[in-house]
Amino acid sequence: MKSFKIALAQFSPFIGDLDSNVQKMIEQANEAKKQNAEIIVFPELSIIGYPAEDLFLRPSLAKRTAQAFEKLATIKDIVLVFGFVNLTDDGQRYNAAAVMKDGQVLGIYNKQNLPNYSVFDEKRYFNEGHQHLVFEYLGHKFGVLICEDVWSLNTVQQLAQLNVESVLVLNASPYEVGKPQHRIVTLKELAKQLNLHLVYVNQVGGQDDLIFDGTSFVINQSGEVALQAPSFIEDLYFTEYQIENKSYQVVETAPALSTMAEIYQGLVLATRDYVQRSGFPGVILGLSGGIDSALTLAIAVDAIGADKVQAVMMPYTYTSQISVEDATEQAKRMGVTFGIAEIHPIVNSFMQTLYPFFGNSPADATEENLQARARGTLLMGLSNKFGNLVLSTGNKSELSVGYCTLYGDMVGGFAVLKDVYKTIVFELAKYRNSISETPVIPERVITRPPSAELRPDQKDQDSLPAYDILDAILYAYIEEEQSQEDIIAKGFEREVVEKVIRLVDRNEYKRRQGSIGPRISSRAFSRERRYPIVNGWKPGV
């Protein structure tokens, strides 16, 4: 034998559906055999999917896992390396990997390094493993690691000392901006340092607020990248080990995506998987003529198709004719179902009903919020009647400072732009237009000053700093967790910084009631950022 072939199953499990996951694994294994692969490697916890959260604790999981093993045991003539929950007789639970050939389990590896930071919560569910798994096949010595293990130098060094040649790394590594290339760059150095070949297989797909990008790869012990799979695409990818050269053959790899392409494709994937796996026939959103809803519409269409997307324009007294024209034009360009619903009668009815309570009180944000809530009620009514999921269209900048209305523009089941700052929204809109022969978002939507259009001649910058300044302050405070004084020391005006931080801190209650949305940053308003709603913390130091 001059070479052997390994299949990398860049796999998108349906969390908790062991039957469908195993069926898909069987199909992929059979396809890998047709391509003459001797080994197929699946991602971390591929049988149940990651993160399955408290499904890991279900009493019937042991029985279901045993049934999954029985089905996988029917696969012959290829080595399966896959992830599962290892429930031992003494009551221990491990995040584990199995190596199986012709129905026989050749070895089991229990993950040693359990992440318990950011979005990870593995110590809640699993015990730590303490033993390495090494197996020899086709005259080659393999080791197995699971995700966080490969980032522990001590763990990998121990494996290298056992004279392992190739390490099969099973992963469910969530996406954030720049992370796909960071993994490759970092592990290239590790491979060279320890003289190991790395076969890194990562989960792909959207799961609630998490995105898994795939971007599986193979790195030779020289640090050379032999294979890089595309990001955000589920498929089988193959690598061939040349025994004489003692290296994996270098093949043409998928080029790294630009930052905007990476983010956009991630949002499309997350939206598609959330809508389809939740069982919704389609989506509906309010199309205001502004950039946030315009970008959300484009993502929705690219995710599930124009025939499953409905957009509704809901004008009021302060809605400009330009907004109506731009919303209508985009809906036409993208081929979605579109309608216009005037909200004057609804808002006027609210005002008449509330007049005995309001009296002659001067108008304020209350009247603005009534407009937003009228729109929210219409969208939810259409959702209830036809079953489509409402997509909320707010961005991270607005959500950070509370520039949004509870039970109004915040209604919906999935907030596509929840972790996308406004400055990035503009860049994503430009990117989306750049990949079409004809721009799908009218240019005027991108170039005109943003406005909620809830009062005469309103502009966002009447209430907020310019978005480039606002987003820079928010990034320093949220992602980098810098103090108020540290941010001011960067050159921002004290009054502006104090206002922004005050708004962020006091609007935790709004964010807690908002819908989930896909995570693209290292510090989303989700699993990794948990602050009490009511607290007396002072931001001054």
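Definitions and cut-offs
Residues numbered from 1 in each chain as written. Predicted model: local features only at pLDDT ≥ 70, side-chain atom pairs only at ≥ 80, totals over all residues. Heavy atoms only, no water. Core = buried A, V, L, I, M, F, W, Y, C linked by side-chain atoms within 4.5 Å. Buried < 20%, exposed > 50% of the residue type's maximum accessible area, 1.4 Å probe, protein only. Helix = DSSP H or I, 4+ residues; strand = E, 2+ residues; numbered from the N terminus. Domains from an automatic or database assignment. Contact = heavy atoms within 4.5 Å. UniProt positions renumbered as here; feature names shortened; annotations may be inferred. Pairing = 2+ DSSP bridges. Axes fitted to C-alpha atoms, helices over the stretch in contact; angles between N-to-C directions. Salt bridge = Lys/Arg side-chain N within 4 Å of Asp/Glu carboxyl O. Polar contact = N/O pair within 3.5 Å; in protein donor to acceptor, adjacent residues only side chain to side chain. Nonpolar A, V, L, I, M, F, W, Y, C, P; charged D, E, K, R; others polar. Expected span 1.5 Å × (residues − 1). Patch = residues over 30% accessible without salt bridge, like charges linked within 9 Å, V, L, I, M, F, W, Y side chains within 5 Å. Areas by Shrake-Rupley, 256 points an atom, 1.4 Å probe, with all protein chains shown as cover. Parallel < 35°, antiparallel > 145°, perpendicular 65-115°, else oblique. Left-handed = near helix turned anticlockwise from the far one by under 90°. 1 Å grid on protein atoms, 1.4 Å probe; cavity = no way out; pocket = protein on both sides within 12 Å on 5 of 7 lines; lining within 4 Å.

### Regarding the nonpolar core
One finds Leu297 and Val336 to be the most contacted residues of the largest nonpolar core, which totals 52 residues. Looking at this core, the elements that each hand over two or more residues are helix H5 (259–278), strand E16 (283–286), helix H6 (291–304), strand E17 (309–313), helix H7 (321–334), strand E19 (389–392), helix H11 (422–434) and helix H12 (443–447). Counting only domains with at least three residues in this core, you end up with domain 1 (2–254) and domain 2 (259–459). Residue contacts for Val336: discarding those within four places in its chain leaves Leu297, Val301, Ala306, Val309, Ala311 and Ala331. Of all hydrophobic cores here, the second largest spans 46 residues; its members include Ile39, Val144, Leu198 and Tyr200.

### Looking at the UniProt feature "binding site: ATP" (unreviewed entry) in the protein
Mapped onto this numbering, the UniProt entry annotates "binding site: ATP" (unreviewed entry) at Gly286, Leu287, Ser288, Gly289, Gly290, Ile291, Asp292, Ser293 and Thr393. Annotated residues spanning 108 residues; largest pairwise C-alpha distance 11.8 Å, indicating a single compact cluster. Positionally, Leu287 belongs in the loop between E16 and H6. Each residue touching Leu287, except ones within four places of it in the same chain, is listed here: Ser293, Ala294, Leu297, Ala311, Val312, Met313, Ala327, Gln330, Ala331 and Phe338. Relative to the assigned elements, Asp292 resides in helix H6. Judged by relative accessible area, which is 10%, Asp292 ranks as buried. Sequence-distant contacts of Asp292, that is, excluding residues within four places in its chain, are made with Thr393, Asn395, Glu398, Leu417, Lys422 and Val425.

### Details of the sheet that holds E17
In any sheet, the strands associate via hydrogen bonds between backbone groups, in a parallel or an antiparallel arrangement. Taking strand neighbours across the sheet as the criterion, the five strands line up as E18-E17-E16-E19-E20 in an open arrangement whose pairing is parallel. Each edge of the sheet is formed by a strand with only one pairing partner; in this case those strands are strand E18 (337–340) and strand E20 (414–415). The strands touched by H7 within the sheet are E17 and E18, with E18 carrying the most contacts at an inclination of about 160°.

### Here we look at the domain arrangement of the protein
Size of an interface: often given as the accessible area lost when the parts come together. Along its sequence, the protein is carved into domain 1 (2–254) and domain 2 (259–459). Taken together, the contact between domain 1 and domain 2 spans 17 residues of the former and twelve residues of the latter. Where domain 1 touches domain 2, the interface holds zero salt bridges. Our count for the contact surface shared by domain 1 and domain 2 stands at five residue pairs in polar contact (both at pLDDT 80 or more). Those elements giving two or more residues to the side of domain 1 that touches domain 2 turn out to be strand E10 (204–207) and strand E11 (210–213). The dominant element in the side of domain 1 that touches domain 2, judged by the number of residues it contributes, is E10, at three residues. Across the side of domain 1 that touches domain 2, the residue classes break down as nine nonpolar, five polar and three charged.

### With respect to H11
In an α-helix there are 3.6 residues to a turn, and that puts residues three or four apart on one side. For H11, with 13 residues, the first-to-last C-alpha span of 19 Å sits near the 18 Å given by 1.5 Å per residue. Those residues of H11 not exposed but buried are Lys422, Val425, Phe426, Leu428, Ala429, Tyr431, Arg432 and Asn433. Its buried side turned inward, H11 meets H5, H6, H7, helix H10 (396–401), H12 and helix H13 (467–479).

### Observations regarding a nonpolar patch on the surface
Together, Tyr509, Ile533 and Val534 line one region of the surface with nonpolar side chains, adding up to about 300 Å² of accessible area. With respect to the helices and strands, the residue Tyr509 is situated in helix H16 (residues 508–513). Take Tyr509: its relative accessible area is 35%, and that puts it in the partly exposed class.

### Things to note about the packing of helix H8 (residues 344–358) against helix H9 (residues 365–386)
Contact pair H8 / H9: the axes reach a minimum separation of 10 Å and the direction vectors enclose 135°. With respect to H9, the axis of H8 lies oblique. Seen from above, H8 lies across H9 with right-handed handedness. Within the contact between the two elements, H8 uses Ile346, Val347, Phe350, Met351, Leu354 and Phe358 and H9 uses Thr366, Glu367, Leu370, Gln371, Ala374 and Leu378. Of the residues assigned to the contact of H8 with H9, the class counts are nine nonpolar, two polar and one charged.

### Quick look at the UniProt feature "binding site: deamido-NAD(+)" (unreviewed entry) in the protein
When the UniProt feature table is mapped onto this chain, "binding site: deamido-NAD(+)" (unreviewed entry) is found at Asn369, Glu398 and Lys510. Considering only the annotated residues already named, the ones lining the largest cavity are Glu398. Assignment of secondary structure puts Asn369 in helix H9. By the element assignment, Lys510 lies in helix H16. Leaving out residues up to four positions away in the same chain, Lys510 has contacts with Gly402, Cys404, Leu406 and Met410. Of the polar contacts made by the side chain of Lys510, one reaches the backbone oxygen of Gly402; its length is 2.8 Å.

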